[in-house]
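This is what each chain is made of:
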Amino acid sequence: MRIMGIGGGAREHAIAWKLGLSDHKPEIFWIAENRNPGIHKICRDNQGELRTGRTTDAKTIVRSARGWGIDMVVVGPEEPGFHGIPDALEKEGIHCIGATQELSVIERSKADLRRLQWENNLPGKLLFRTFKNAREASDYIRKNIESQPWLQNIVIKPARQSGGKGVKLIEDRQVYLHDEKERFKEAYFDSLQASMAAYSDIEDKILVEEKAWGPEYSLQCFTDGKTVLGTPLVQDNKSAHEFDSGPETGGMGSISGPDMTLPFITREEYDKSLKIVEGIVESIQKKTGKSYHGMVGGQMMLTENEGPTVIEMYSRLGDPEALNMLAMLKTDIIDIFQAIVERQLSKLKLEFTSEDAVVVKVVAPNGYPEKRDKAKGHPVQVLETNIKRNGCYLFWGNADLHEDGQVITGGSRLLALMGTDHTLPPASARIEKTMSSVQLADGWGLYHRSDIGSQQLLAKRQDVAERVRPLYTYREEHGILGSRMGWVPRVGRIDPSHLMLQETHGPEKA
Ligand SMILES: Nc1ncnc2c1ncn2[C@@H]1O[C@H](COP(=O)(O)OP(=O)(O)O)[C@@H](O)[C@H]1O
Ligand SMILES: [Mg+2]
């Protein structure tokens, strides 16, 4: 069997690793924008090759797949799905594990996702409103902040998935009311507008939504459209520096295990989260009339108003969350992919190790995420035998293997180290011990988060969860889960839900 992967990050390296371990002994081919050293080696060891090319260009991908005589393609990142790569492959009769263009809208458009949730009255949603541009959003908020109390506590996001760039939590309602703060806000809106200008595939560019608070976690799933199989929960850590400080990144590291849930999420919350993901898959299939086959995930938050709540959806595996899940996966990955292709996922027994906790730590060059040009172009030195001796695994990310064998940084997340143990803290310590095995030969600095998997950070997550859980369970017991009554002076209590239905059916725009 010949299989081809798409994408050149640590997530794709981990997928290639599992393919290489499969009893089906597939020949492994790959297309990525960078020559990922790990994927390159796995392809070479498995009678295949890694070719560089544009992963969003259907012509390139289809030509390579046909040329190589590929039986099945697995798509790693989200952009190929947004660009209809799975659609193009399937048109050629090549099986593809990956959400097609129409279905991947659950990730591509955060606005369409919210509409879908409200139209189908699914649990785990947030109040929202969409706007064509930043100015419209800003005017609306200023005009309505008194009559719609929920606008006092919001986040403003690019409505399109833009790879972790641009979510802004506006903590301070005064931002909209005070002139001297106006300039700060206008500057933010302008930058948001500029970042969304590049995307022509979405109409509503700005999403304003209720600001939630609680512990975050990801639930990644496999689906053939009929069955959605959940995998162990993973928590990614988005902030660049220790204890959630610093700028937002694509993800600096993640934890999972030793079982299906996390130490601060209950089994019941897992089940509810899975139901939410199932509901979204079902709703988008109903809406489009298409069958979803591939990976899907909920980036979730436990919140006071709703319990498990969707922050955004993934139409693929998470990066780095995929590394945790795949490390725990015992079932042959090709068996899963075949069951998806044959729409037989309900008959598959998906198994994960329950003995190991998994910690992943991303290593990034100084400069990432804000000055990527400075983080780019540095020669990398890795002592792989030391990493192995410490019982850790290395997954290459945004790295490029040059002809002379030298690996060069690409400016984004360079690689991920993974450690396992019976619980999280020793797995984290194992990675810390081998961290000096990764360096840049020109002396430029690297950084990572030492706190991921530590007892201290776990305690912080647990504390947040324990503050939110009694509030949402109280609401649940009293039949008011999901209701948001706001107080407007001289008007009284108002329920903003009807405004959401207006938003989804879209008659008037203020
Ligand atoms: N409605 C919200 N309430 C609170 N925090 C949010 C909200 N939306 C996003 N965030 C925070 O911002 C981060 C990034 O937002 P997300 O929608 O996942 O966008 P991205 O595409 O950048 O990952 C989330 O992980 C979460 O911490
Ligand atoms: Mg996200």
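Residues numbered from 1 in each chain as written. Chains lettered and ligands numbered in written order. Predicted model: local features only at pLDDT ≥ 70, side-chain atom pairs only at ≥ 80, totals over all residues.

J.: For the domain arrangement of the chain, give the residues involved together with the corresponding values.
T.: The assigned domain composition of the chain is domain 1 (2-98), domain 2 (127-212 + 494-505) and domain 3 (356-448). Of note, the centres of domain 1 and domain 3, computed from C-alpha atoms alone, are 23 Å apart. Each partner contributes to the interface: domain 1 provides 10 residues, whereas domain 3 provides 11 residues. Every element with two or more residues in the side of domain 1 that touches domain 3 is listed here: α1 (10-20) and α2 (37-45). Here the side of domain 1 that touches domain 3 is built from residues that sort into 3 nonpolar, 6 polar and 1 charged. (Domains from an automatic or database assignment. Contact = placed C-beta atoms within 7 Å. Helix = DSSP H or I, 4+ residues; strand = E, 2+ residues; numbered from the N terminus. Nonpolar A, V, L, I, M, F, W, Y, C, P; charged D, E, K, R; others polar.)

J.: I'd love a proper account of unusual backbone geometry, names of residues and values included.
T.: With an omega dihedral of 25°, the bond running from D319 to P320 counts as a cis peptide bond. Checked against the element boundaries, P320 lands in the loop between β17 (307-314) and α12 (321-328). Cis geometry marks the peptide bond from Y368 to P369, where omega comes out at 0°. The phi angle at N121 is positive, at roughly 45°, despite the residue not being glycine.

J.: Can you break down the environment of I106 residue by residue, with the values?
T.: Mapped onto the elements, I106 comes out in helix α6 (residues 105-108). Remark: the alpha-carbon pair of I106 and V281, spanning 175 residues in sequence, is separated by 8.8 Å.

J.: Could you give me a rundown of the sheet that holds strand β19 (residues 376-382), with the residues and numbers involved?
T.: Across a sheet, strands are paired by hydrogen bonds formed along the backbone, either parallel or antiparallel in direction. Read from one edge of the open sheet, 4 strands run β21-β22-β19-β24, paired in antiparallel fashion. Of all the strands in the sheet, just β21 (399-401) and β24 (438-440) have a single pairing partner and so form its edges. In this sheet, neighbouring strand axes are inclined to one another by 40° on average, regardless of whether the strands run parallel or antiparallel. Both β21 and strand β22 (residues 407-410) contribute to a ladder of 3 bridges, which runs antiparallel. (Pairing = 2+ DSSP bridges. Axes fitted to C-alpha atoms, helices over the stretch in contact; angles between N-to-C directions.)

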